[in-house]
Number of protein chains: 2
Amino acid sequence: MSAEPPPPLTLSAQGSFFVGGRDVSSETLSTVPAYAPSGTVTVDQVYVRYQVPVAPARPPLVLIHGCCLTGKTWETTPDGRMGWDETFVRKGFPTYVIDQSWRGRSAGNPSAINAAKTGAAAPETLPPLFSAGHESSWAIFRFGPEYPKVFDGMQFPLEAQGEFWKQMVPDWSASLPVPNPTVPALSELAKRLKGAVLISHSQSGIYPFQVAALDRTGLRAIVALEPAACPDPAKDDLSVFKDLPILVLFADYVDESPRWAPRLAQCRAFVTTANAAGSRAELILLPEIGIHGNSHMLMQDKNSQDIADWLGGWIDKRVPPKG
Amino acid sequence: MSAEPPPPLTLSAQGSFFVGGRDVSSETLSTVPAYAPSGTVTVDQVYVRYQVPVAPARPPLVLIHGCCLTGKTWETTPDGRMGWDETFVRKGFPTYVIDQSWRGRSAGNPSAINAAKTGAAAPETLPPLFSAGHESSWAIFRFGPEYPKVFDGMQFPLEAQGEFWKQMVPDWSASLPVPNPTVPALSELAKRLKGAVLISHSQSGIYPFQVAALDRTGLRAIVALEPAACPDPAKDDLSVFKDLPILVLFADYVDESPRWAPRLAQCRAFVTTANAAGSRAELILLPEIGIHGNSHMLMQDKNSQDIADWLGGWIDKRVPPKG
């Protein structure tokens, strides 16, 4: 973390738009008199905010947040340092930050809740909406083995944890189909960008793999940061990953986590089997490349810029800059 | 709308943070096995994204969206033109775009929904969550007198309405206290910015006035764009607005709208009474200043840059740039 503020940031373009989305009709949009219960709403779309550097030579990156979070994940860190959205723009990559379907600025549909409120549907039909509390998130994000213990050498800025908890939002994903509507929207986005690197995190870890299974057009590489799951070598068609550069990256303290150790093992099995089927997949643990102390929220850790530097280099090697 | 892309945008800083927020305990955070039902979540905070020009001479602007929308309101328009977030940065104003409490990237709390799902609470206790459907929104946003009729000369880019509908999200505001938790958060933000112009729209129209009633520190001027309500001259203490520059701005077709005509009349009464009590309030209809054809979503209309130019000039007069 530099004491000096960074130099000004010059962008050739910035803005936002949506990909995906479909219209649905409902008789229970509202239980408030000022708004009609009947009508059409648009759902499943994905909000995208972008920043494009001047004359970018590097490929567009799409940054996809995880469970119970939004695109805020990639912006200013809880302790006020630069987020990866800006870091990678400064490195010459156009960055596209999304909010998953039904999360953040990507609309959900309140109809099932209103139907239960008015008695038109049974309460059991309410969507399985969930928030992750601070206490249970602690071990999930691997700040320590259990709340409020801290792993030795932890790089997450715990002194600013109050600002981090504010990033967490309710999660509708358990009520959505598989693949999540975010997946076809990401496929549309990658095509629109005429080639992009999809960078997923945690819950969204599997999404870029599901994009590949749907349509490889537009997908130049996959970076899965601490994915909750990798494709299943026993069930999934791994030929869709042929010749595709794939990085599966885990941070530190993984073997000390009963939640994450099996996921690492599952991803290792995927990487081995995918490569046997012609993929170009790599699995890296940060300590193996000399970066230590990282939590599950590695893009916000105090050494997040070191990881971004290494990741930018990996992308340069696997998806070379244009001439 | 220029055929040429604008020149590059140079920012001295950009990023995001939260203001406000409080911790609450719950026993019904989750009905999904992977996440614990008991724990603490943080709610009521307000997400803020900012862009600061180099050496800004003009005051910070806080852009506050209305009903059923998020901060996306102020970004790229549905038909892909520049949003006011960027327009005003290019004019030399630092811009701060928020998501209201419990909306967009500002977390809500799913506990009441989960309590009804598990039977711990009656379905009648479910929050009055609502979405505005396309058909009923049509007249509310004054695209025309009723769906799908269009007012003559309408400037909203209806050819891109599909992109606009994607901006709409469920609204929790009817379940929140008055004033909305966004109000104290805005007060905190204005203080943190050491003086800001609060620019509200529609549902949030009253918020800056409620900020003034709470604490005038940090509040340099109020711009209420098509407010759903102004303070009540018969009930509210208007002395809190003494010497405060206030602009209440309405667009076009107001008298043709049974929803909006009474609100215009109510704001006229407020302005007259507030000025008698020492305020510096103005009420302007866009046609009075030669700008015609505007909908309720005037910041997205095809002539939105004309309105921004005029508004920038109003702010320069009432909150003069620093030397």
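Notes on the structure follow.

So, how was this worked out
Residues numbered from 1 in each chain as written. Chains lettered and ligands numbered in written order. Predicted model: local features only at pLDDT ≥ 70, side-chain atom pairs only at ≥ 80, totals over all residues. Heavy atoms only, no water. Buried < 20%, exposed > 50% of the residue type's maximum accessible area, 1.4 Å probe, protein only. Helix = DSSP H or I, 4+ residues; strand = E, 2+ residues; numbered from the N terminus. Contact = heavy atoms within 4.5 Å. Axes fitted to C-alpha atoms, helices over the stretch in contact; angles between N-to-C directions. Parallel < 35°, antiparallel > 145°, perpendicular 65-115°, else oblique. Left-handed = near helix turned anticlockwise from the far one by under 90°. Nonpolar A, V, L, I, M, F, W, Y, C, P; charged D, E, K, R; others polar. Phe/Tyr/Trp six-rings, centres within 6.5 Å; stacked < 30°, edge-to-face > 60°. Lys NZ or Arg CZ within 6 Å of the ring centre and 35° of its normal. Salt bridge = Lys/Arg side-chain N within 4 Å of Asp/Glu carboxyl O. Least-squares fit on C-alpha atoms with pLDDT ≥ 70 in both.

**As for helix H6 (residues 207–214) of chain A**
Phase 1: Restricting attention to buried positions, one finds in H6(A) the residues Tyr207(A), Pro208(A), Phe209(A), Val211(A) and Ala212(A).
Phase 2: The secondary structure elements touched by the buried residues of H6(A) are strand E5 (61–64), helix H5 (182–192), strand E7 (196–201), strand E8 (219–225), strand E9 (245–250) and helix H7 (261–276) of chain A.

**Examining the packing of helix H5 (residues 182–192) of chain B against helix H6 (residues 207–214) of chain B**
All names here are of chain B.
Phase 1: Their axes nearest at 9 Å, the elements H5 and H6 cross at an angle of 70°. The angle between H5 and H6 falls in the class roughly perpendicular. Considering the relative orientation of H5 and H6, their crossing is right-handed. For the pair H5 and H6, the contacting residues are Thr182, Val183, Pro184, Leu186 and Ser187 in the first and Tyr207, Gln210, Val211 and Leu214 in the second.
Phase 2: In terms of residue class, the contact of H5 with H6 is built from six nonpolar, three polar and no charged.

**Quick word on the packing of aromatic side chains**
Phase 1: Going through the model one piece at a time under the given rule, you end up with 42 aromatic pairs over all chains.
Phase 2: Among the aromatic residues, those joined into a ring-pair cluster are Trp138(A), Phe141(A), Phe143(A), Tyr147(A), Phe156(A), Phe164(A) and Trp165(A).
Phase 3: Above the plane of the ring of Tyr35(B) lies Arg259(A), whose end atom (NZ or CZ) is 5.3 Å from the centre.

**Some points on the pattern of salt bridges**
All names here are of chain B.
Phase 1: Per the counting criterion, the structure on display carries 32 salt bridges over all chains.
Phase 2: Salt-bridge contacts for Arg103 lead to Asp171; the nearest nitrogen and oxygen are separated by 3.2 Å. Note that Arg103 is positioned in the loop between strand E6 (95–99) and helix H2 (111–118) and Asp171 in the loop between helix H4 (161–165) and H5, a separation of 68 residues in sequence. We note that Arg103, like Asp171, is buried.

**Focus on the relation of the copies chain A and chain B**
Phase 1: The operation relating chain A to chain B is a screw motion whose rotation component is 180°, with 0.0 Å of axial translation and a residual RMSD of 0.0 Å. A rotation of that kind, with that shift, is consistent with a two-fold axis.
Phase 2: Here 100% of the interface residues in chain A have copies in chain B that are interface residues too; the copies meet face to matching face.

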